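As a plain string of letters, each chain reads:
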Amino acid sequence: MDKITVSAPGKLMLLGEHAVVYGHPCLVTAVEQRLKVTVEKSNTNGLTLNAPDVSVNDYYKPIAQLGNGEIPKGAKFVEIAVLNFFQKHKFSDGLKITTNSEFSSQFGFGSSSASTVCVVKALFELFEIKTTPKEIFDLSYKTVLDIQKTGSGFDVAAAVYGGVLYFITGGKVIEPIIAGDLPLLVAYSGVKADTVSMINLVKEKMQTHKEGVEEIFKNIANLVEEGKIALMEKDWQRLGTLMNFNQNYLEDLGVSTEKLDDMVLAARKAGAFGAKLSGAGGGDCMIAVVPEEKRKNIEEAIKSVGGEILDVKVSNEGVKIEI
Ligand code: MEV
């Protein structure tokens, strides 16, 4: 095989962000929007990358130099994924890689982890090495850690497995939850968040207020355990209430923003079962669980405080071969 196209879904955190970085569980869902990566063998001695969504055009690096020198931000995850795969499986072929996304990298849907997962899966296929989802997870998570130095890996798991997952740090537990048609509403706050700086902000809080932060994390972990049951029972009212509690804890941690608070409040006032920020905070998206008959009103309420409604549905499909 000389060429393959693979796709993986984006993700949204339902409950448990930040606590999951410290060994606690979270609940994450994959979304319908996908990122596609085409990988083909080339007769150059290097990696050529085109990733127009992140302004990378005809980037070239000799295979022997992978991981060395300046790497543009938009090329990092692909380059290090190739390096990790080649080092582990002893290849050094020239490659041409093209990525294409159905969602903007602004939204915090996990485009970096989705592209990493696609590259790793594509390379296993292209070089005809038998693999398992857990192996794809492990190599992709290593890649993310090599670059970010931090992160729980929940976004990598969503891209590999799809669907709704109960997830514990580093993939210690990755459990699919059958949640049916989760009535989710998603809106963008207009600000791109920087995950690593938000993780560091919480780390500083942990240093100055250890007991308080640990208490918050324990409470968030309890919400996740209850949320897992609410999801399995399709009890959206209860899930909404848990999201509201989770938002309060995230505000206590200092990761929400005025805009996110306004959007969350607007959603609740207009009849959402519950609403919260989703992800690292500092911007990106908010999510709400909503009664369908009130969806339109809730959307209007969020728009009236400056939120942008995104057409996002949960998806069961993890990483897969396209052609
Ligand atoms: C970021 O989307 C969610 C965090 O929990 C980070 C992580 O789990 O890797 C803040």
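S.K.: Describe the overall build of the chain, naming the residues involved and giving the relevant values.
M.R.: Looking only at helices and strands, the chain has nine helices and twelve strands in total. A compact globule built from 323 residues should have a C-alpha radius of gyration of about 20 Å, and the chain, at 20 Å, falls within 12% of that. When the backbone C-alpha atoms are referred to their principal axes, the chain occupies close to 60 × 45 × 35 Å. A burial count over the chain gives 57% of its 323 residues as buried. Carbon and sulfur atoms provide 49% of the accessible area of the chain, an area that totals close to 13,600 Å². The positive charge centre, built from 35 side chains, and the negative charge centre, built from 41, are 3 Å apart in the chain.

S.K.: Which residues make up the side chain of Thr116, and what are the values?
M.R.: Within the secondary structure, Thr116 is located in helix α2 (residues 111-126). Setting aside residues up to four positions removed in sequence, Thr116 forms contacts with Phe77, Ala81, Ser140, Thr143 and Val144.

S.K.: Please give an account of the packing of aromatic side chains that cites residues and values.
M.R.: Under the criterion given, the structure shown has twelve aromatic pairs. Their ring planes at 55° and their centres at 5.6 Å tell us that Phe103 and Phe109 sit as a pair that is tilted. Judged by relative accessible area, which is 5%, Phe103 ranks as buried. Look at Phe109 and you get buried, because its relative accessible area is 2%. Between Phe137 and Tyr141 the ring centres are 5.6 Å apart and the planes differ by 25°, which places this aromatic pair in the stacked class. With Phe137 and Tyr141 both in helix α3 (residues 133-148), this residue pair falls four residues apart, about one helical turn. Considered together, Phe137 and Tyr141 belong to a single accessibility category, that of buried residues. Between the NZ or CZ atom of Lys228 and the centre of the ring of Tyr166, over which it lies, the distance is 4.0 Å.

S.K.: Lay out the site of the ligand with the relevant residues and their values.
M.R.: Inspection of the region around the ligand gives Lys11, Glu17, His18, Val20, Val21, Gly151, Ser152, Phe154, Thr195, Ile199, Gly279 and Ala280 as its neighbouring residues. One nitrogen or oxygen atom from the main chain of His18 is found 2.9 Å from an oxygen atom belonging to the ligand. Ser152 is positioned with one of its side-chain polar atoms (N or O) 2.6 Å from an oxygen atom of the ligand. Notes on the ligand: free accessible area 300 Å², of which the protein chains cover 95%. Spatially, the ligand is embedded in the largest pocket. Within the shell around the ligand, the residues separate by chemical class into five nonpolar, five polar and two charged.

S.K.: Tell me about the pairing of strand β2 (residues 25-42), and please be specific about residues and values.
M.R.: The buried fraction of β2 is high, at 13 of 18 residues. Sheet analysis places strand β1 (residues 3-15) next to β2, joined by eleven bridges and oriented antiparallel. Across the sheet, residue Lys3 finds its bridge partner in β2, namely Glu40. With eight bridges joining them, β2 and strand β5 (residues 94-101) adopt antiparallel strand pairing. Looking at the pairing, Leu35 lines up with Ser101 of β5.

S.K.: Account for the environment of Gly74, with residues named and values stated.
M.R.: With respect to the secondary-structure elements, Gly74 resides in the loop between β4 (56-62) and α1 (76-89). Through-space distance from the C-alpha of Gly74 to that of Ala51 is 7.3 Å; in sequence the pair is 23 residues apart. Once residues within four sequence positions are removed from consideration, Gly74 is found in contact with Leu49, Val54 and Val56.

S.K.: Before we move on, could you go through the nonpolar core and cite the residues and values that matter?
M.R.: Ranked by internal contacts, the top residues of the largest apolar core, which has 115 residues, are Leu95, Ile97, Phe109, Leu231 and Met286. When residues of this core are assigned to their parent elements, the largest contribution, nine residues, is made by α2. Once residues within four sequence positions are removed from consideration, Leu95 is found in contact with Val39, Glu40, Lys41, Ser42, Gly46, Leu47, Thr48, Val82, Phe86, Leu123, Leu126 and Phe127.

S.K.: Break down the sheet that holds strand β11 (residues 308-310) for me, with residues and values.
M.R.: An order of β9-β10-β8-β11 is seen for the four strands of this open sheet, with the pairing classed as antiparallel. Since the sheet does not close on itself, it has two edges, and those belong to β9 (274-278) and β11, each with one partner. For this sheet, the mean angle separating the axes of adjacent strands, direction not counted, is 30°. Packing against the sheet, helix α7 (residues 236-253) makes contact with β8 (184-188), β9 and β10 (285-289), and its axis sits at approximately 45° to β9. Its contacts with the sheet put helix α9 (residues 295-304) on β8, β10 and β11, and the angle it makes with β8 is roughly 15°.

S.K.: With reference to specific residues and values, describe α7.
M.R.: For α7, which comprises 18 residues, the first-to-last C-alpha distance of 25 Å matches the rise-based estimate of 26 Å (1.5 Å per residue) to within 8%. Along α7, the residues classified as buried are Trp236, Leu239, Gly240, Leu242, Met243, Asn244, Asn246, Gln247, Tyr249, Leu250 and Leu253. Looking one or two residues past α7, Gly254 carries a phi angle of roughly 85°, positive in sign.

S.K.: Before we move on, could you go through unusual backbone geometry and cite the residues and values that matter?
M.R.: One non-glycine residue with positive phi stands out, namely His18, at about 70°. Inspection of the secondary structure puts His18 in the loop between β1 and β2. Overall, His18 belongs to the buried group, its relative accessible area being 5%. Despite not being glycine, Ser55 shows a phi value in the positive range, around 55°. Mapped onto the elements, Ser55 comes out in the loop between β3 (46-51) and β4.

What counts, and at which threshold
- Residues numbered from 1 in each chain as written.
- Predicted model: local features only at pLDDT ≥ 70, side-chain atom pairs only at ≥ 80, totals over all residues.
- Heavy atoms only, no water.
- Helix = DSSP H or I, 4+ residues; strand = E, 2+ residues; numbered from the N terminus.
- Rg over C-alpha atoms; globule rule 2.2 N^0.38 Å.
- Buried < 20%, exposed > 50% of the residue type's maximum accessible area, 1.4 Å probe, protein only.
- Areas by Shrake-Rupley, 256 points an atom, 1.4 Å probe, with all protein chains shown as cover.
- Lys, Arg positive; Asp, Glu negative; His and termini not counted.
- Charge placed at Lys NZ, Arg CZ, Asp CG, Glu CD.
- Contact = heavy atoms within 4.5 Å.
- Phe/Tyr/Trp six-rings, centres within 6.5 Å; stacked < 30°, edge-to-face > 60°.
- Lys NZ or Arg CZ within 6 Å of the ring centre and 35° of its normal.
- Near = heavy atom within 4 Å.
- Polar contact = N/O pair within 3.5 Å; in protein donor to acceptor, adjacent residues only side chain to side chain.
- 1 Å grid on protein atoms, 1.4 Å probe; cavity = no way out; pocket = protein on both sides within 12 Å on 5 of 7 lines; lining within 4 Å.
- Sits in = over half its atoms within 2 Å of the grid points.
- Nonpolar A, V, L, I, M, F, W, Y, C, P; charged D, E, K, R; others polar.
- Pairing = 2+ DSSP bridges.
- Core = buried A, V, L, I, M, F, W, Y, C linked by side-chain atoms within 4.5 Å.
- Axes fitted to C-alpha atoms, helices over the stretch in contact; angles between N-to-C directions.
- Expected span 1.5 Å × (residues − 1).

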